[in-house]
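Remarks on the overall topology
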Amino acid sequence: MVEVRLEGVTKRFEEVLAVDEASFAVGEGEFLALVGPSGCGKTTILRLIAGFERPDSGEILFDGKSVLGLPPEARRVGMVFQNYALFPHMTVAENIAYGLRGRRRTDHRKRVEELLRLVGLEGLEQRSPGELSAGQRQRAALARALAPEPRLLLLDEPLSALDAKLRERLRLEIRRLQRELRVTTIYVTHDQEEALAISDLVAVMSSGRIEQVGSPWEVYNRPGTEFVASFIGRGNLLEGVVTEVSARGIEVRLMPQGPEIVVSAGAGESSCYRAGQAAKLLIRPERIRLDGSLENRLRARLKGVEFLGDSSWAYLDWAGQELRVKLAGATGPAEGEEVELSFASSDCYLIPISPRPPGSAPGHGG
Ligand code: ATP
């Protein structure tokens with residue numbers, strides 16, 4: 001298996017800056033999910049790694065060696081796309097064996113059987129893709145990509161055409177397979193929940209740039225930018241002003257009214273903040289209680305409730321800002337009522353000051 005590294009990779013399509021100085025690394029046998037909104041450059045990054053596009057600048061290294069001079073077939077990369085891309089006139093077995101071309105034919109049968117077993121398609125080898133369900137077709141595409149034993153697997157929204165239940169089942173299967181084979185994997189998705197669920201590492205992209213690379217826990221709980229905070233999970237971003245920076249942490253007063261909250265930020269972050277500076281606090285919906293039991297209290301009006309069975313979403317208006325609260329079970333108060341809600345200072349996370357000024361991101365995509 002291979003370690004993949006991108007260093008300052010940039011790709012333009014005429015006036016569109018599709019990928020802007022992207023840098024990240026995926027270790028041997030690791031699973032990285034590349035997540036971001038439509039048009040942010042995810043597919044272009046996969047195509048650059050596979051060798052279907054050439055970067056305008058930057059480096060792509062496999063195990064420390066540049067692959068920019070290698071054609072796609074020499075990079076030993078397996079790919080699975082959203083739309084299966086199976087050959088309709090070939091059987092499942094023939095499709096999988098297509099991935100083995102160039103090898104001794106006597107080996108094909110055994111390897112195809114092995115792959116059918118691996119992806120759970122035993123007994124269906126003589127069917128054509130048209131005679132398979134959507135999930136089975138995606139399993140066949142996966143088997144074909146894995147057939148030549150690639151050192152890197154690239155998956156581009158492989159589950160987005162499937163219904164929600166099947167998506168959840170197949171993402172577990174993909175993860176199990178990837179762990180079993182220890183194949184380095186990059187998985188493109190616009191579904192942030194899927195990205196968190198499936199990967200060792202998440203790279204969050206916006207407008208051609210990599211905003212943050214971190215573990216699922218890090219990108220959810222320690223988002224590096226406001227974009228990451230709002231794209232990953234459903235967060236409440238509250239505006240405030242820093243009132244004091246001390247050894248205790250950073251004190252932030254919420255705007256336009258509200259409690260003074262002391263945030264304990266890391267040394268690196270607190271040294272960036274000064275009193276009087278604007279700040280944004282992230283509070284996850286599951287960290288807010290619809291009662292006054294925690295240290296910071298607000299009064300807000302309940303605008304609406306969505307009952308989901310095992311939990312509910314409560315939408316509240318607090319001084320013109322919308323707050324989302326996730327509750328276990330149903331809510332007590334009725335819509336329109338004024339309620340007290342509370343949260344702990346330790347559950348507030350101060351968004352780090354952006355290393356680049358707002359508005360400097362290349363404008364495109366979305
Ligand atoms: P989606 O999730 O919708 O598939 P994506 O994040 O994969 O989007 P890309 O397909 O990488 O995004 O596209 C990034 C940007 O580059 C978009 O603005 C797209 O229109 C543009 N782009 C991609 N390929 C080309 C091309 N061959 N020629 C011109 N523009 C392109």
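These numbers were taken from a predicted model, which means no experiment stands behind them.

**Examining the overall build of the protein**
Scanning the protein from terminus to terminus reveals nine helices and 19 strands. In terms of principal-axis extent, the alpha carbons of the protein reach across some 75 × 45 × 35 Å. Split by element, the accessible area of the protein, about 17300 Å² in all, is 48% carbon and sulfur. Within the protein, the 51 negative side-chain charges are centred at a point lying 5 Å from the centre of the 47 positive side-chain charges.

**Describing the site of the ligand**
Around the ligand there are 13 residues in total, and S38, G39, K42, T43 and T44 lie nearest to it. Here an oxygen atom of the ligand sits 3.1 Å away from a polar atom, N or O, in the main chain of C40. Within the side chain of T43, one N or O atom sits 2.8 Å away from an oxygen atom of the ligand. Protein contacts shield 59% of the accessible area of the ligand, which totals 630 Å² for the unbound molecule.

**Description of the sheet that holds strand β18 (residues 338–343)**
Pairing within the open sheet is antiparallel, and its four strands lie in the order β17-β16-β15-β18. The open sheet terminates on both sides in strands that have one partner only, identified here as β17 (321–328) and β18. Neighbour to neighbour, the strand axes of the sheet diverge by 50° on average, direction disregarded. Sheet analysis places strand β16 (residues 311–318) next to β17, joined by eight bridges and oriented antiparallel. The partner of D317 across the bridge, within β17, is E322.

**A closer look at helix α5 (residues 164–181)**
If you check α5, its first and last C-alpha atoms are 26 Å apart, about what 18 residues at 1.5 Å a residue would give, namely 26 Å. Turning to α5, its buried residues number three or more, namely L166, L170, R171, I174, R175, L177 and Q178. Angularly, the buried residues of α5 cover 165° about the axis, an arc narrow enough to put them on a single face. Exposed positions of α5 whose direction lies more than 90 degrees from the buried face are K165, L172 and R179. At the N-terminal end of α5, a side-chain oxygen is found 3.1 Å from the backbone nitrogen of K165, two or three residues along, and the residue is D163. After α5 finishes, the residue R182 shows a positive phi value of roughly 55°.

**Some thoughts on the packing of aromatic side chains**
Evaluation of the coordinates by the stated rule reveals three aromatic pairs. Judged by centre distance (5.7 Å) and plane angle (40°), the rings of F31 and Y187 are tilted. Taken together, the positions of F31 in strand β3 (residues 31–35) and Y187 in strand β8 (residues 184–189) put the pair 156 residues apart, joining distant regions of the chain. The pair F31 / Y187 is uniform in exposure class, with both members buried. Directly above the ring of W313 sits R234, whose terminal nitrogen or CZ lies 4.1 Å from the centroid.

**Focus on unusual backbone geometry**
Phi is positive for E14, which is not a glycine, with a value near 50°. Owing to a relative accessible area of 72%, E14 belongs among the exposed residues under this scheme. Not every positive phi belongs to a glycine, and E157 is a case in point at roughly 45°.

**Topic: the environment of E21**
By the secondary structure assignment, E21 is in strand β2 (residues 16–26). Spatially, the C-alpha atom of E21 lies 45 Å from that of R299, the residues being 278 residues apart in sequence. Among residues more than four places away in sequence, those in contact with E21 are G8, V9 and T10.

**Observations regarding the confidence of the model for the protein**
Summing up the model confidence of the protein, the mean pLDDT is 88 and the portion of residues at 70 or higher is 93%. Here residues 356–366 is modelled with pLDDT under 50, and outside its nearest four sequence neighbours on either side it reaches 17 contacts, counting other chains as well.

**A few points about the pattern of salt bridges**
All chains considered together, the criterion is met by 17 salt bridges. Of the charged contacts in the structure, one is a salt bridge between R111 and E114, with a shortest N-O distance of 2.7 Å. Placement of both R111 and E114 in helix α3 (residues 105–118) is noted, with a separation of three residues, approximately one turn of the helix. For R111, a relative accessible area of 12% translates into the label buried. By sharing partners, the salt bridges in this structure join K11, R47 and E53 into a single network.

**Thoughts on the pairing of β16**
Burial of β16 is extensive: seven of the eight residues sit out of reach of the surface. Summarising the sheet, strand β15 (residues 296–307) and β16 pair through six bridges and their orientation is antiparallel. Looking across to β16, one finds that E306 is bridged to W313. The loop that links β15 with its antiparallel partner β16 comprises three residues; one of these, G309, has a positive phi angle of about 95°. Linking two consecutive strands that pair antiparallel, namely β16 and β17, is a turn of two residues; a positive phi of about 50° is found at A319 within it.

**Remarks on the environment of I353**
With respect to the helices and strands, I353 occurs in the segment after β19 (349–350). In this structure, the C-alpha to C-alpha distance between I353 and G309, residues 44 residues apart in sequence, is 38 Å. Residues contacting I353, with those up to four places away along its chain left out, are C272, Y273 and Q277.

Thresholds applied
Residues numbered from 1 in each chain as written. Predicted model: local features only at pLDDT ≥ 70, side-chain atom pairs only at ≥ 80, totals over all residues. Heavy atoms only, no water. Helix = DSSP H or I, 4+ residues; strand = E, 2+ residues; numbered from the N terminus. Areas by Shrake-Rupley, 256 points an atom, 1.4 Å probe, with all protein chains shown as cover. Lys, Arg positive; Asp, Glu negative; His and termini not counted. Charge placed at Lys NZ, Arg CZ, Asp CG, Glu CD. Near = heavy atom within 4 Å. Polar contact = N/O pair within 3.5 Å; in protein donor to acceptor, adjacent residues only side chain to side chain. Pairing = 2+ DSSP bridges. Axes fitted to C-alpha atoms, helices over the stretch in contact; angles between N-to-C directions. Expected span 1.5 Å × (residues − 1). Buried < 20%, exposed > 50% of the residue type's maximum accessible area, 1.4 Å probe, protein only. Arc of directions from axis to C-beta. Phe/Tyr/Trp six-rings, centres within 6.5 Å; stacked < 30°, edge-to-face > 60°. Lys NZ or Arg CZ within 6 Å of the ring centre and 35° of its normal. Contact = heavy atoms within 4.5 Å. pLDDT = per-residue confidence, 0-100. Salt bridge = Lys/Arg side-chain N within 4 Å of Asp/Glu carboxyl O.

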